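What follows is the residue order along each chain.
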Amino acid sequence: MLTNKVFMKKTKRGNILKIVREHYLRDDIWCGSAACHKCPLDENAVLLQDVPESVSERFAFPHYLLLDTNVVLYQMDLLEESAIQNVIILHTVLDEVKHRSSVIYKRLRAILSNPERKFYTFVNEHHKDTYVERMPGESANDRNDRMIRTASQWYEKHLHQEKGKKPRVRIVMLSDDADNRAKATELGVNTCSCAEYMNAAKENYVHLLDKIAQRDVVCESKDSLFPSHLTVMQIHEGIKNGELMQGGFLASRENYLEGYVRVESIEKAVLIQGRMNLNRAVDGDVVAIEMLAESEWKAPSDVVLVDEQNDPGDMVEPDPTFSVKPQAEREPTARIVGIIKRKWRQYCGILIPSHIQGSTRHIFVPAERKIPRIRIETRQAATLLSQRIIVAIDQWPRHSRYPQGHFVRALGPIGAKETENEVILLEHDVPHNRFPEDVLACLPQMPWVITSEDLKRRVDLRNITICSVDPPGCTDIDDALHARRLPNGNIEVGVHIADVGHFIRPGTALDREAASRATTVYLVDKRIDMVPELLSSNLCSLRGGEERFAFSCVWELDDEANIKHTKYHKSVIKSKSALTYEEAQIIIDDTKQTNEVATSLRLLNRLSKILKKRRTEKGALVLASPEIRFHVDSETHDPIDVKAKQLLETNSMVEEFMLLANVSVAEKIEQEFPECAMLRRHPCPPQSNYEPLVKAAQHQGFEIVTTSGKELATSLDRAVKPENPYFNTMLRILATRCMMQAVYFISGTLQRDEFFHYGLAAPIYTHFTSPIRRYADIIVHRLLAACIGADSTYPELLDKKINSNLCNNLNYRNRMAQYAGRASVALHTHLFFRKRSEDEQAYILFIRKNALQILVPKYGFEGTIYVTGRNNEEIKTGVRFVYDEEGQTQRCGKIVFKAFDPVVVRLSLDSTNVQHEKLVFELVEPYIEGFSVKPDSMEVEAPKRKNDQNPTKSKKSKKAK
């Protein structure tokens, strides 16, 4: 049967086009039920059971569930439970979900692909008895609802076994739309909401009720705690006439009553302060803001403020009084008046025990401090109190102090390393499931060998002395190097990068997976690969003594490291040795070693020093960040020792040639593809970012000039205190925190002067040297291959819009990977300090209104010593600290604390807060009676603060009592 779809389309020129599309209808589409004797059996299709078992007692008869679109969109956590079976998904619903949420659609497809779940897709749009035309004036949503009701009615009639007898299997339409349910009831269809269905859950399935998303309509009442949000139309009009602005909301980790909104037209993020002004925004939301009058502008609070109220009710404490700052320190301030787009996700955390015995209402505390507490209902509290769990937000009504949500699943015992690692990966949105079968199917068959045909298409470099230099234990070796004298006296230097693009072809499942993951994520005790291990640790890894495909960048340099000639080619290499940084350094330093590897390394090392000197003279920044390395037990993988990373000359040697390769390749691909080259830029920070650095240096008698990168680098070099060798490092740590994030972009989307990489002082830059662990490098390899005729382009590679969207994902994944790495370091720090404490030399990094921010150089740890309470009250009786805002000092009696002062602190782990174990910093020296803790041993001496000398070196650890 053929029917036509007719619709009108207006062209750009204003003409009306009549479009007629043929729509075929059939009467032989199988219903999917094993109980049906009318439809022709499809042997390959999923069978809905002939006697389905239900999880609910609301309907006593055997039945299949037919789902409305809203149930799929908002109750996916319930639907993913294996107990929910024998479900019909209409093609109408599948198509609507696909267009409304790609994330939910992907999760639904995963269920449909699992035959054990017994979810059947019925193509109702092409069945002659279930297809309905859209009526004049009917909305697309109303027509879809009518399609769902029609299909439910058809199934109910179709599954009658014989005329006049009751059906053996019936249909229950689940819908959270009251209007759709009412109309279905009129047609004689059995229907109810998800909550109604699960409220009658059988005894074995009562726990599933916890997974129901709370999406009830909330009536506005006089007890509302928050202002109402503007409607979509009001927001649109407000933005159009300039009364409102929009941007992404960033909640503060240090103060739960503060946040910022980044607005494109304003250089500095707009401050939002106070519960009413935050108005139910959650970190990541896109919000509409209304600027306050300049007289109402505020300054960011210098108090660390954490929400510690555990009452599940809606009693709200008044906001603490924020100190009034001078007008010069105040910032543009606004209030949030509407939500444009929610960016809610699933959150990891723990439950707080309810004060009411037997209550099902509980408060969930997210692991991420930027997320507010969430109210959920659960009947499993006794079990879940000792578990890390996942919760989703459903709504945040005006009358509720906290958003309302539902339980999704438990992760495992609180504090267990496996559980906490899973929390890190989930909280930072790191894809870490095993690679799907279609991805693994793209991998080459083993054993893999290089053929004669491969050699014809590549330059054979197997006879050149090439070696790699990497951290110890590295198995994903991206890069290798060589250097040798040429007959003309110049030096040939080659950077050889794993040719990952040979194995990952455009458009394959493997390519799509790598693009989605975007980067390899490095935790302390594990690595989450971007590509399967066969590639990352074997076929692509440039292991010593093994033949591998590479993409080579080869320069001819003179003795002053000036480039005379550059060439690129696909190659075959055989690394002579896979060295660690330390091994390479020993070879360079050992003058008795004169073999080809030693000669090559010494040439590379000498040239790298010239390259580095040249870069820094141009204004490249030498910054610092405290990094540590854990030594873990080979069996338990628990940390047994920790120390700050030591950088050798060989670290810098490798870095210089990787930078040179990246710059050379960037110039090449941008020259060939000026509109679609994938590059990396590092924006110059706004001057306001430097305020903490400039002020901190001023208090120590140094001027930091920030008008250009070169002036910043020069002034940092001059800021040296001979009596405090760590002072300059701390300044550079502060300078690092002033920087903007480097980002990927497409060359045709920005002006040429915006390509600049501020930190490297490079006019143009990209990433070419790590394709095993960065997807951006794979794209750059494809562009470079096209430049030299080693491979062809394809439409997506040259599409600016597609690749700009790809850059957005790469930037996001890269940022999350960095945060996940830091969180992993924090976790292993906690594991290391369980049952131990240590006294260590440290420095004050910042002076806060109620705290000292401390840095411990030995470990690179940062922490806080609180000196007053949230309302400036004494933490310990009789000990009073006085904060001098202008001088940036804290004074207790005769002892004055300033930034960069040396102190001795005790490090120990506080496990009393099961949600957030934390490393505790306690003051040892200078000793303040009633506030400091006594030294571990008599060996500890107070630092000579008057002469600004260093405190004593670290003391031996002791077991915690």
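Remember, it's a predicted structure, so these values are computed and weren't measured experimentally.

A. Spotlight on the overall build of the protein chain. A count of helices and strands for the protein chain gives 23 helices and 39 strands. In the protein chain, buried positions account for 52% of the 961 residues.

B. A look at the sheet that holds strand β4 (residues 87-90). Read across the open sheet, the 5 strands follow the order β5-β4-β3-β6-β7; overall the sheet is parallel. Each edge of the open sheet is held by one strand with a lone partner, namely β5 (119-122) and β7 (190-192). Across the sheet, the mean angle from the axis of one strand to that of its neighbour is 30°, orientation sign disregarded. Its contacts with the sheet place helix α5 (residues 140-158) against β3 (63-67), β4, β5, β6 (170-174) and β7, and it is angled at close to 160° to β6. Docked against the sheet, helix α6 (residues 178-186) engages β6 and β7, running at close to 160° with respect to β7.

C. Fine view of the pairing of strand β37 (residues 902-910). Here β37 lies mainly inside the structure; 8 of its 9 residues are buried. Both strand β31 (residues 836-847) and β37 contribute to a ladder of 6 bridges, which runs antiparallel. Considered in β37, the bridge of D839 is made with R906. Where β37 lies against strand β38 (residues 918-925), 7 bridges are found, and the strand directions are antiparallel. Looking at the pairing, S908 lines up with V920 of β38.

D. Broad picture of the packing of aromatic side chains. As enumerated under the stated definition, the model contains 17 aromatic pairs in all. Ring geometry for F122 versus W154: centroids 5.3 Å apart, planes at 10°, classification stacked. Here W154 lies in helix α5 and F122 lies in strand β5, a separation of 32 residues in the sequence. Take F122: its relative accessible area is 0%, and that puts it in the buried class. For W154, a relative accessible area of 12% gives the class buried. A connected cluster of aromatic rings, assembled from ring pairs, spans F122, W154 and Y155. One residue, R458, lies across the ring of F549, its end atom 4.0 Å from the ring centre.

E. Representation of the pattern of salt bridges. Summed over the entire model, instances satisfying the criterion amount to 51 salt bridges. Salt-bridge contacts for K898 lead to D901; the nearest nitrogen and oxygen are separated by 3.8 Å. For K898, a relative accessible area of 35% translates into the label partly exposed. Here D901 falls in the buried class, since its relative accessible area comes to 7%. Several salt bridges converge on common partners, so that one network encompasses D77, E80 and R107.

F. Broad picture of the sheet that holds strand β10 (residues 270-273). In spatial order, the strands read β10-β9-β8-β11-β12; together these 5 strands make up an open sheet with antiparallel pairing. In the strand order of this sheet, the two ends are held by β10 and β12 (334-341), each with one partner. Geometrically, the sheet is characterised by an average inter-axis angle of 40° between neighbouring strands, direction not taken into account. The pairing of strand β9 (residues 258-262) with β10 spans 4 bridges and is antiparallel. Looking across to β10, one finds that E258 is bridged to Q273.

G. The arrangement of empty space enclosed by the protein in detail. With the rule as written, the count across this model stands at 6 cavities of 30 Å³ or more. Approximately 70 Å³ is the volume attributed to the largest cavity. Around the largest cavity, the lining residues are P52, E53, S54, V55, H63, L65, A83, I84, Q85, N86 and Y197.

H. Structural context of the pairing of strand β8 (residues 245-251). Relative to strand β11 (residues 286-291), β8 runs antiparallel, the two sharing 4 bridges. Along β11, the bridge assignment pairs Q246 with A288. As consecutive antiparallel partners, β8 and β9 are separated by 6 residues.

I. Layout of unusual backbone geometry. Residue M446 is joined to P447 through a cis peptide bond whose omega torsion reads 0°. You can see P447 is positioned in the loop between α12 (437-440) and α13 (452-456). Cis geometry is found at the peptide bond from E925 to P926, where omega equals 0°. With respect to the helices and strands, the residue P926 is situated in the loop between β38 and β39 (958-959). One non-glycine residue, A761, lies in the positive phi region at around 55°. For A761, a relative accessible area of 13% gives the class buried.

J. Summary view of helix α16 (residues 581-589). Of the positions making up α16, those classed as buried are Y581, A584, Q585, I587 and I588. Take α16 and look down its axis: the buried residues cluster within an arc of 160°, on one side only. Projecting away from the buried face of α16 at angles above 90 degrees are the exposed residues E582 and D589.

K. View of the confidence of the model for the protein chain. For the protein chain, the average pLDDT comes to 86, and 88% of its residues sit at 70 or higher. Ranking the helices and strands of the protein chain by mean pLDDT puts helix α22 (residues 775-787) first, with 97, and β39 last, with 36. Across residues 217-222 the pLDDT falls below 50, and counting only partners more than four positions away or on other chains, this stretch makes 4 contacts in the model. Taken together, the stretch residues 938-961 has pLDDT below 50 and engages in 66 contacts with residues farther than four places along the chain or on a different chain.

L. View of the nonpolar core. Grouped together as the largest cluster of nonpolar side chains are 91 residues, with contacts concentrated most on L601 and F657. It is α22 that contributes the most residues to this core, 10 residues altogether. When sequence neighbours within four positions are dropped, the list of residues in contact with L601 reads C467, V469, L579, A584, I587, I588 and M653. By size, the runner-up hydrophobic cluster in this structure holds 55 residues, among which are L67, I148, V172 and L174.

M. Layout of the environment of N490. Here N490 shows up in the loop between β20 (479-485) and β21 (491-498). A relative accessible area of 16% means that N490 is categorised as buried. Put simply, N490 and D558 are 68 residues apart on the chain and 4.8 Å apart in space, counted from C-alpha to C-alpha. With residues up to four places along the chain from it excluded, the contact list for N490 reads R484, R485, E556, L557, D558 and K564. At 2.8 Å, the side chain of N490 forms a polar contact with the side chain of E556.

N. Local environment of the side chain of D283. Structurally, the position occupied by D283 is in the loop between α9 (275-278) and β11. At a separation of 2.9 Å, a polar atom in the side chain of D283 contacts the main-chain amide nitrogen of A251. Look past the residues within four positions of D283 in its chain and what remains in contact with it is F249, L250, A251, K370 and I371.

O. Spotlight on the state of the cysteines. Per the counting criterion, the structure on display carries 0 disulfides. C31 takes part in no disulfide bond, and the closest cysteine sulfur, belonging to C36, lies 3.7 Å away. What makes C31 buried here is its relative accessible area of 0%. Of the cysteine sulfurs around C194, a residue in no disulfide, the closest is that of C192, at 7.8 Å. Owing to a relative accessible area of 1%, C194 belongs among the buried residues under this scheme.

Rules and cut-offs
Residues numbered from 1 in each chain as written. Predicted model: local features only at pLDDT ≥ 70, side-chain atom pairs only at ≥ 80, totals over all residues. Heavy atoms only, no water. Helix = DSSP H or I, 4+ residues; strand = E, 2+ residues; numbered from the N terminus. Buried < 20%, exposed > 50% of the residue type's maximum accessible area, 1.4 Å probe, protein only. Pairing = 2+ DSSP bridges. Axes fitted to C-alpha atoms, helices over the stretch in contact; angles between N-to-C directions. Contact = heavy atoms within 4.5 Å. Phe/Tyr/Trp six-rings, centres within 6.5 Å; stacked < 30°, edge-to-face > 60°. Lys NZ or Arg CZ within 6 Å of the ring centre and 35° of its normal. Salt bridge = Lys/Arg side-chain N within 4 Å of Asp/Glu carboxyl O. 1 Å grid on protein atoms, 1.4 Å probe; cavity = no way out; pocket = protein on both sides within 12 Å on 5 of 7 lines; lining within 4 Å. Points joined across faces, edges and corners; volume = space filled by probe spheres on them. Arc of directions from axis to C-beta. pLDDT = per-residue confidence, 0-100. Core = buried A, V, L, I, M, F, W, Y, C linked by side-chain atoms within 4.5 Å. Polar contact = N/O pair within 3.5 Å; in protein donor to acceptor, adjacent residues only side chain to side chain. Disulfide = S-S within 2.5 Å.

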